[in-house]
Amino acid sequence: MIATPDRTPLPRDFFDRPVLEVAPDLLGRILVRTTPDGPISLRITEVEAYDGPNDPGSHAYRGRTPRTEVMFGPPGHVYVYFTYGMWHCMNLVCGPDGLASAVLLRAGEIVEGAELARTRRLSARNDKELAKGPARLATALGVDRALDGTDACAPGETPLRMLAGTPIPSDQVRNGPRTGVAGDGGNGDIHPWRYWIANDPTVSPYRAHVPKRRSS
């Protein structure tokens, strides 16, 4: 029998830890997106950790910028960025105020509000694909830069909130190189900081980094 997910909001101190502790602990947790059209709940199945100044793959590696300001703020806030000129991706800020680290939400299972998510993800062939990948996840939830800086731990009504859900036992958690990140993969996996639930059908496929070719 599957246990009913815990609907208790996650406290701020859950996020006020090293990013490599928070990332795998987010698996199985529930993200609730509240919209005027209704709520959507997502069970997190895949994440990636980005360790700020210690991580060349992080947006915050070279210091604070207007784009990354949220990452340097208090834990438990949402960092949303725009990529490839068309997609948004969502992260949760971790660690103490001033040390920029965050967890990218790569994939999840829509457990409430699938009807609404389908209207945003018309190309999804089935519900398992609604949030299978970080851009798809943000699109399904209706997350864009307007939600950058949202406090997911704030009391009262908030557009994004993290709930305790059902944590995943360690023997069901897998980890490996991050998708599309230079230095992750190949013969020297220096940052195997992608975590996912073993055998979960909503987890996105791994793709190694492909260096850009210089034009002749």
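Description of the structure in this document.

A closer look at the state of the cysteines
Link 1 in the chain: Tallying each qualifying case throughout the model produces 0 disulfides.
Link 2 in the chain: Take Cys 94: it sits in no disulfide, and the sulfur closest to it among the cysteines is that of Cys 153, at 10 Å.
Link 3 in the chain: In this structure Cys 153 comes out as buried when scored by relative accessible area, which is 13%.

As for the layout of surface pockets
Link 1 in the chain: Roughly 1,100 Å³ of internal volume is contained in the largest pocket.
Link 2 in the chain: The set of elements that each furnish at least two residues to the lining of the largest pocket consists of β3 (38-50), β4 (78-83), β5 (87-93), β6 (102-112) and α4 (134-141).
Link 3 in the chain: Examining the composition of the lining of the largest pocket, we find that 4 residues originate from one element, α4, more than from any other.
Link 4 in the chain: Partitioning the lining of the largest pocket into residue classes produces 15 nonpolar, 11 polar and 11 charged.

So, the packing of aromatic side chains
Link 1 in the chain: For the coordinates displayed, the defined rule picks out 2 aromatic pairs.
Link 2 in the chain: Note on Phe 14 and Phe 15: the rings are 5.0 Å apart at their centroids and 75° apart in plane angle, and the pair reads as edge-to-face.
Link 3 in the chain: According to the relative accessible area criterion, Phe 14 is buried, its value standing at 8%.
Link 4 in the chain: The exposure class assigned to Phe 15 is buried, which follows from its relative accessible area of 0%.
Link 5 in the chain: With a centroid separation of 5.7 Å and 40° between ring planes, the pair formed by Tyr 79 and Tyr 81 is classed as tilted. The burial state of Tyr 79 is the same as that of Tyr 81; both residues are buried.

With respect to the environment of Ala 23
Link 1 in the chain: Within the secondary structure, Ala 23 sits in helix α2 (residues 19-25).
Link 2 in the chain: Note on Ala 23: relative accessible area 0%, which makes it buried.
Link 3 in the chain: Taking C-alpha positions, Ala 23 is 5.9 Å from Ala 49, a pair spaced 26 residues apart along the chain.
Link 4 in the chain: Not counting residues within four places of it along the chain, the set of residues in contact with Ala 23 comprises Val 47, Ala 49, Val 103 and Tyr 195.

About the cut-offs
- Here the residue index of a chain counts from 1 through its sequence in written order.
- Residues qualify for local features only when their pLDDT is at least 70, as the model is predicted, and side-chain atom pairs are given and counted only at 80 or more; totals for whole chains, interfaces and linings, by contrast, use all residues.
- Hydrogen atoms and water are omitted, and side-chain values are computed over all heavy atoms in the structure.
- Note that a disulfide, as used here, is simply two cysteine sulfur atoms within 2.5 Å.
- A simple rule labels every residue: compare its accessible area, found with a 1.4 Å probe on the protein chains alone, to the largest value its type can have, and call it buried under 20%, exposed over 50%, or partly exposed in between.
- In this analysis the probe radius is 1.4 Å and the grid spacing 1 Å, with only protein atoms considered; a cavity is a set of points the probe fits into but cannot get out of, a pocket is an open set with protein on both sides within 12 Å along at least five of seven lines, and lining residues have an atom within 4 Å of a point.
- Grid points are joined across faces, edges and corners, and a volume is the space filled by probe spheres set on the points.
- Each helix is a run of DSSP H or I of at least 4 residues and each strand a run of E of at least 2, with the numbering of both proceeding from the N terminus.
- Three classes are used: nonpolar for Ala, Val, Leu, Ile, Met, Phe, Trp, Tyr, Cys and Pro, charged for Asp, Glu, Lys and Arg, and polar for all others, with Gly counted as polar.
- Centres within 6.5 Å are what make two rings of Phe, Tyr or Trp a pair, Trp counting through its six-membered ring; a difference in plane orientation under 30 degrees is then read as stacked, over 60 as edge-to-face, and the rest as tilted.
- Contact definition: two residues touch when any of their heavy atoms are within 4.5 Å.

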